[in-house]
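# Descriptive analysis of the structure
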There are 2 protein chains.
Amino acid sequence: MSGFAAVDVIRAKRDGGVLSDAQIDWVVDAYTRGLVADEQMAALAMAILLRGMSAQEIARWTAAMIASGERLDLSPVSRPTVDKHSTGGVGDKITLPLTPLVAACGAAVPQLSGRGLGHTGGTLDKLESVPGWRAALSNVEFIAQLRDVGAVICAAGEGLAPADRKLYALRDVTGTVEAIPLIASSIMSKKIAEGTGALVLDVKVGTGAFMKNVDDARELARTMVELGGAHGVRTVALLTDMSTPLGLTIGNAVEVTESVEVLAGGGPADVVELTLALAREMLAAAGLPDADPAAALRDGRAMDSWRRMIRAQGGDPDAPLPTAPEVEVVRAESDGFVAAIDAYAMGVAAWRLGAGRARKEDPVSIPAGVVLHKRPGDPVRAGDPLYELRAEDAGRIPAALADAARAVTVAPAAPERKPLVIERVG
Amino acid sequence: MSGFAAVDVIRAKRDGGVLSDAQIDWVVDAYTRGLVADEQMAALAMAILLRGMSAQEIARWTAAMIASGERLDLSPVSRPTVDKHSTGGVGDKITLPLTPLVAACGAAVPQLSGRGLGHTGGTLDKLESVPGWRAALSNVEFIAQLRDVGAVICAAGEGLAPADRKLYALRDVTGTVEAIPLIASSIMSKKIAEGTGALVLDVKVGTGAFMKNVDDARELARTMVELGGAHGVRTVALLTDMSTPLGLTIGNAVEVTESVEVLAGGGPADVVELTLALAREMLAAAGLPDADPAAALRDGRAMDSWRRMIRAQGGDPDAPLPTAPEVEVVRAESDGFVAAIDAYAMGVAAWRLGAGRARKEDPVSIPAGVVLHKRPGDPVRAGDPLYELRAEDAGRIPAALADAARAVTVAPAAPERKPLVIERVG
C-alpha cells in the first residue's frame, strides 16, 4: 500500500498518539480532494477534540490547510496591513466601525468575514442590511479596494484554504466545533492565507462565546498567537468578556445603525471602548503606534472611511435601513437594577426572531433582532421598557420572549462592574 | 424543534454524558433511515469509543438495533435452538465442524455467519470453497432447513438488524471497530434478532484477536452475557486463546479440509478440544446436558450431519476442493523447538496470499492460505518443513513470506503450554 490509510491516521489519534507531519499533510490533502470521506474526517475530528493535539501538530495542520489553496500577496497595497478576528459573540458588531476606523488612521484592513450560524451573527449578514452592498469581491477587486480605500470587509474567496471550508462545514454538523486545535487552525489558516501582515484576535469568553472560561480562551489565544508568529504574521490577542451582549442591539440592520452611531462619535460606551482597544492594538501591530483612533471617531475621518468602504462595494451609506413591522416592548415588573443580561440566551432570542440561521442555506431577516433599553447596572422602575423584540413575522415573537425573559435579571442591588478587556496575550 | 438534533446527541456523549433511552432510540432509527448522516454517526461512534457507555445505554442501543428490523420466530423448529458466535480469530474454522456436531446431538443450530475482512477469515468464504454451496437462504428456507437438518450456516438476511449492517460498515472505515459497547451490541442484536433460544460466545484473546488482553475480553463477554439474558437468550461465554492460529490451516479450502478431518474423528488436537468444549456448552445451554459430542465425532453422526447440511444448500460434500498452483515450503534453519507462531502475523500472511480481503467488495481466493507443518512445542531439526504458503498467483508469495517469517520463532527450549480455554463467563 502507498500513502496512508485514513483508518491508520484515525486510530493513531484515537489512541492518543501524535500524528506525524506526513500523516497530517496526507490526510488534509486527501480530505480536500475527496479521497478521505466525510465520515472518516468526522471520526478524526472527534478524536482530535477528545485527545488534543501538540503545538507541532497544530502548526502542521494549519500549514496543510493553508497549502490546500492560494496565499494572497498584499504587497501591491502600499500601506501596512492588519486584520482583526473575533471568535464570535452576541451583538458583536465591532468589525463594522473598527475596519474603517483603522483604515482612517493609516493602515489597510483586509477583513475577510463570514456569515452567522446559530446564536452568533455574521458580519456579512449585518452589512447586507445596507441597500446595494455586496459581499463578494474578486481577488483583484479586493486588493484594489484595499489599496484605494484601505478598508475592505468581504467574503473569503473560494481559493483560500478550501480544506478549512470543507472541514468547517463538517465540524458544524458533527459536534466537533469546540476543539481548540481545530478552532485555532481554522481561524489562522484563513488569516494567514489572506496575506495580512499583522493580526489582532478578539477571543471572547463567557456564556455567549465558544469559550466559557478564561483558561480555555487563554489556551486558544496562545495557540493562535504562536501560529501567527510561526508564519510571519505579528499576532496579539485580547480576551474580552462575552457574558453580556455588546452594545444595545443584536441583529443585522439594528447593529449597522449602532455602528454608524459609533462612527459618528456616539454609541454605547462598551462598543466604543472595545473598538478603540482593538484599534490601538491593530495600529501598534501595523507599526503606527502614534495614531489616535479616538480623534478619528470625533473628527469624522472614521465616518468618511466607512462611507467610502460601503460605496466601493455598491452600498448606499445614506439609504434608510429596513425596519421590522412587529415590535414587542418588554417592561420591568419591579424596581431595582438590571443585574445581568445573559449573552447566550439573548443571542438565542435574536436567532428565534429571524436574525440568525439554523442551517447554512437559510436566509436571515434584515430587520429582526433585539434592542436593549437598559444595560447591566442601569437602575429601572417597574414599567420602564427593558428591551424590545423586532421581527418580520409575529409568530416568531412568543418563543423569543421566553429566551429573552431568561436572559434578563432585575435585582435590588447593582451588580459589580466587570472589565470588558480581561487580558492581553502577546 | 421536534425530536432530537444529531449534534445534541453527539455532544452529550462527547462530553461524557449518559444518553437517554429516547436519544438512543431516535439516533439509531434516524441513522437507519438516513436522517442522521454517516459523518454524524461516525463522530458519535468515536465519542462512544472514547467515552464508553453504561450497561443501560448498551442494552437500549442493542434493543434499538434489533427494533430496526425483523426478529425471526424459530418456534416452528421443534428442537431447542442454540447458536455460537466467535469474535474472530486466525484459523478459526470451529463453526464448520461445530454446527453439524451440535445438530447431530439433538439441538438445532441457526448459524448466521459473515465474511472475512482484514486478517481474520469468514465462515461463508470458507464454505464457498465447497462446489455448489450457496450462502444465501430465504427466511422460509432457513427455518425449513433448521427443522429438517438441524444445522444451517448461511448469510444473515437483509431484514435482520439493518441498523447494525449500516453501522458495522461505517465503523470499519472510521477506526471505531474496537469499541466494546458497539462490538457487544452489534453481535448481540444480530443473534437476538435471529431468534435463537441460547447462545455460546467464543471471545478470543491474543494477538490475532480484537481483544488483546483478558480484561477487555472479560468485559466484552460479561456485557454480551448480560445483553443475552436481558432479551431471554441463555448466554454463556468462553474466553479462548488467540495468540496462536487454531489448527494447522489458515485460509478457505484448507480450513474446510481440516474441518472434515475433525468430523471424521481426526484433526488437530486444539481444534478438536475447542470444538468439543463449545459443543458441550451449547448442548447444556440447549437443555441437553447428557449429549456426548465426542461420541458423535467418533461414530460418524457428526459427519452425516455435515453432509446433510452441505447438500441442503446445494453443495457436494464429495467434490474435491480446488488446490493452489503455487506452493512455497519454508524449512527450519536450525534445530530446536517451535516457540511461537504469532496469530496476527500469520493471519496477515494468509491475507496477503489472497485468502482474505482488504475491502468488502474484493473477492477471496479459494485455495490460497497457509498450512502449518509444526505447532508451538513441536521439536524441529534444521531442514524440516515448518509451513507452506499457497497462492493462485506467485507474485503474492514474497510479501507473505516476510509476515510468516516474523510469525514463527524457533528456540532451543520448548515453550510453556498455555490453556486454550482461559475462562468461562456464565
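### As for helix α3 (residues 38-51) of chain B
Residues and elements named next belong to chain B. Taking 1.5 Å of rise per residue, 14 residues should cover 20 Å, and α3 covers 20 Å from first to last C-alpha, within 8% of that figure. Burial analysis of α3 places 11 of its 14 residues in the buried class, which makes it a mostly covered element. Residues of α3 that are buried include every one of Glu39, Gln40, Met41, Ala42, Ala43, Leu44, Ala45, Met46, Ala47, Ile48 and Leu49, and no others.

### Things to note about the sheet that holds strand β5 (residues 234-241) of chain B
All names here are of chain B. Here we have four strands laid out as an open sheet, ordered β1-β4-β5-β13, and mixed in their pairing. Edge strands, defined here as strands with exactly one partner in the open sheet, are β1 (82-86) and β13 (421-425). Here the strands of the sheet are splayed against their neighbours by 20° on average, with no regard to which way each runs. Where β5 lies against β13, four bridges are found, and the strand directions are antiparallel. Following the sheet pairing, Thr240 is matched in β13 by Val421. Sheet strands in contact with helix α10 (residues 214-230) are β4 (198-205), β5 and β13, and its direction is about 165° off that of β5.

### A short note on the interface of chain A and chain B
A common measure of how large an interface is: the accessible area buried when the components associate. Contacts between the two partners involve 23 residues from chain A and, on the opposite side, 23 residues from chain B. Area buried by chain A at its contact with chain B is led by Arg14, Glu39 and Leu50 of chain A, which between them contribute 31% of it. For the interface between chain A and chain B, the tally reads four salt bridges. Taking the shortest distance from any N to any O, the salt bridge between Glu178 of chain A and Arg11 of chain B comes out at 3.2 Å. Among the elements that line the side of chain A that touches chain B, the one with the most residues is helix α3 (residues 38-51) of chain A, at 10 residues. Residues that form the side of chain A that touches chain B fall into these classes: 12 nonpolar, four polar and seven charged.

### Regarding the nonpolar core
Nonpolar side chains in soluble globular proteins tend to be buried together. Formed by 128 residues in total, the largest nonpolar core has its most connected members in Trp61 and Val203 of chain A together with Trp61 and Val203 of chain B. Setting aside residues up to four positions removed in sequence, Trp61 of chain B forms contacts with Ile24, Val27, Val28, Met41, Leu44, Ile48, Met53, Leu167, Leu182 and Ser185 of chain B. Core analysis: the next-biggest nonpolar cluster, separate from the first, contains 74 residues, Val236, Val330, Leu372 and Tyr387 of chain B among them.

### Quick word on the domain arrangement of chain A
Domain annotation of chain A identifies domain 1 (6-52), domain 2 (82-159 + 174-312) and domain 3 (326-411). Placing the centre of domain 1 of chain A and that of domain 3 of chain A at their C-alpha centroids yields a distance of 42 Å.

### Details of the sheet that holds strand β6 (residues 249-251) of chain A
All names here are of chain A. Spatially, the four strands line up as an open sheet ordered β6-β9-β11-β7, and their pairing is antiparallel. Across the chains shown, the open sheet's two edge strands, defined by having one partner strand only, are β6 and β7 (326-331). Along the sheet, successive strands turn relative to each other by an average axial angle of 15°, direction set aside. Across the face of the sheet, helix α16 (residues 397-407) comes into contact with β7 and β11 (385-391) while running at roughly 145° to β11.

### A closer look at the environment of Gly118 of chain A
Residue and element names in this part refer to chain A. Of note, Gly118 is situated in the loop between β2 (109-113) and α6 (123-127). Between the C-alpha atoms of Gly118 and Ala355, which are 237 residues apart in sequence, the distance is 9.8 Å. Excluding anything up to four places from it in sequence, Gly118 contacts Trp351, Gly356 and Arg357.

### Focus: the side chain of Asp164 of chain B
Residues and elements named next belong to chain B. Examined against the element boundaries, Asp164 turns out to sit in helix α8 (residues 162-173). There is a polar contact of 3.4 Å between the side chain of Asp164 and the side chain of Lys190. Residue contacts for Asp164: discarding those within four places in its chain leaves Met65, Ser186, Ser189 and Lys190.

### Observations regarding unusual backbone geometry
Residues and elements named next belong to chain A. Here the phi dihedral of Ala161 falls at roughly 45°; this positive angle occurs in a residue that is not glycine. Position of Ala161 among the secondary structure elements: in the loop between β3 (151-155) and α8 (162-173). On the accessibility criterion, Ala161 (1% relative accessible area) is buried.

### Topic: the packing of aromatic side chains
Evaluated as defined, the whole model comprises zero aromatic pairs over all chains. Its end group placed over the ring of Tyr31 of chain A, Lys166 of chain A keeps NZ or CZ at 4.4 Å from the ring centre. The side chain of Lys190 of chain B reaches across the aromatic face of Tyr168 of chain B, ending 5.5 Å from its centre.

### A few points about the relation of the copies chain A and chain B
There are two copies of the chain, and a rotation about an axis plus a shift along that axis relates them. Overlaying chain A on chain B yields an RMSD of 0.1 Å, the required transformation being a rotation through 180° with an accompanying axial translation of 0.0 Å. Look at the turn and shift together and you get a two-fold axis relating the two. Taking C-alpha positions as the reference, the residue of chain A nearest the rotation axis is Glu39 of chain A, at 1.8 Å. Interface overlap between copies is the fraction of interface residues in one copy that are interface residues in the other; for chain A against chain B it reaches 100%, indicating a shared surface.

### Structural notes on the confidence of the model for chain A
Scored by pLDDT, chain A has a mean of 95; 99% of the residues are at 70 or more. Model confidence for the complex: the whole-complex pTM is 0.87, and ipTM, which rates the interface, is 0.85.

### With respect to the pattern of salt bridges
Taken as a whole and judged by the stated rule, the model has 66 salt bridges over all chains. Between Arg165 of chain A and Glu158 of chain A there is a salt bridge whose closest N-O contact spans 3.9 Å. Arg165 of chain A sits in the partly exposed class, given a relative accessible area of 32%. Across the pair Asp148 of chain B and Arg147 of chain B runs a salt bridge, and its minimum N-O distance is 3.3 Å. Assessed through its relative accessible area of 54%, Asp148 of chain B is described here as exposed. For Arg147 of chain B, a relative accessible area of 41% gives the class partly exposed. Beyond isolated ion pairs, a larger network of salt bridges with shared partners links Arg11, Arg14 and Asp15 of chain A together with Glu178 of chain B.

### Some points on the environment of Val27 of chain B
Residue and element names in this part refer to chain B. With respect to the helices and strands, Val27 occurs in helix α2 (residues 21-32). Residue Val27 is classed as buried on the basis of its relative accessible area, which comes to 2%. Apart from residues lying up to four places away in sequence, Val27 is in contact with Val9, Val36, Met41, Leu44 and Trp61.

### Considerations on the pairing of strand β3 (residues 151-155) of chain B
Residue and element names in this part refer to chain B. Across the five residues of β3, four count as buried, placing the element largely inside the fold. Inspection of the sheet shows strand β2 (residues 109-113) paired to β3 by five bridges, in the parallel sense. Looking across to β3, one finds that Gln111 is bridged to Ile153.

### Considering α8 of chain A
The end-to-end C-alpha separation of α8 of chain A is 18 Å, in line with the 16 Å expected for 12 residues at 1.5 Å each. Every buried residue belonging to α8 of chain A is among Ala163, Asp164, Leu167, Leu170 and Arg171 of chain A, and all of these are buried. Buried residues of α8 of chain A fall within an arc of 130° about the axis and therefore sit on the same side. On its buried face, α8 of chain A sits against α2 (21-32), α3, α4 (55-67) and α9 (180-193) of chain A together with α3 of chain B. Once α8 of chain A finishes, Gly175 of chain A follows within two positions and takes phi at roughly 65°, a positive value.

Parameters at a glance
- Residues numbered from 1 in each chain as written.
- Chains lettered and ligands numbered in written order.
- Predicted model: local features only at pLDDT ≥ 70, side-chain atom pairs only at ≥ 80, totals over all residues.
- Heavy atoms only, no water.
- Helix = DSSP H or I, 4+ residues; strand = E, 2+ residues; numbered from the N terminus.
- Expected span 1.5 Å × (residues − 1).
- Buried < 20%, exposed > 50% of the residue type's maximum accessible area, 1.4 Å probe, protein only.
- Pairing = 2+ DSSP bridges.
- Axes fitted to C-alpha atoms, helices over the stretch in contact; angles between N-to-C directions.
- Contact = heavy atoms within 4.5 Å.
- Buried area = accessible area lost by both parts, 1.4 Å probe.
- Salt bridge = Lys/Arg side-chain N within 4 Å of Asp/Glu carboxyl O.
- Nonpolar A, V, L, I, M, F, W, Y, C, P; charged D, E, K, R; others polar.
- Core = buried A, V, L, I, M, F, W, Y, C linked by side-chain atoms within 4.5 Å.
- Domains from an automatic or database assignment.
- Polar contact = N/O pair within 3.5 Å; in protein donor to acceptor, adjacent residues only side chain to side chain.
- Phe/Tyr/Trp six-rings, centres within 6.5 Å; stacked < 30°, edge-to-face > 60°.
- Lys NZ or Arg CZ within 6 Å of the ring centre and 35° of its normal.
- Least-squares fit on C-alpha atoms with pLDDT ≥ 70 in both.
- pLDDT = per-residue confidence, 0-100.
- Arc of directions from axis to C-beta.

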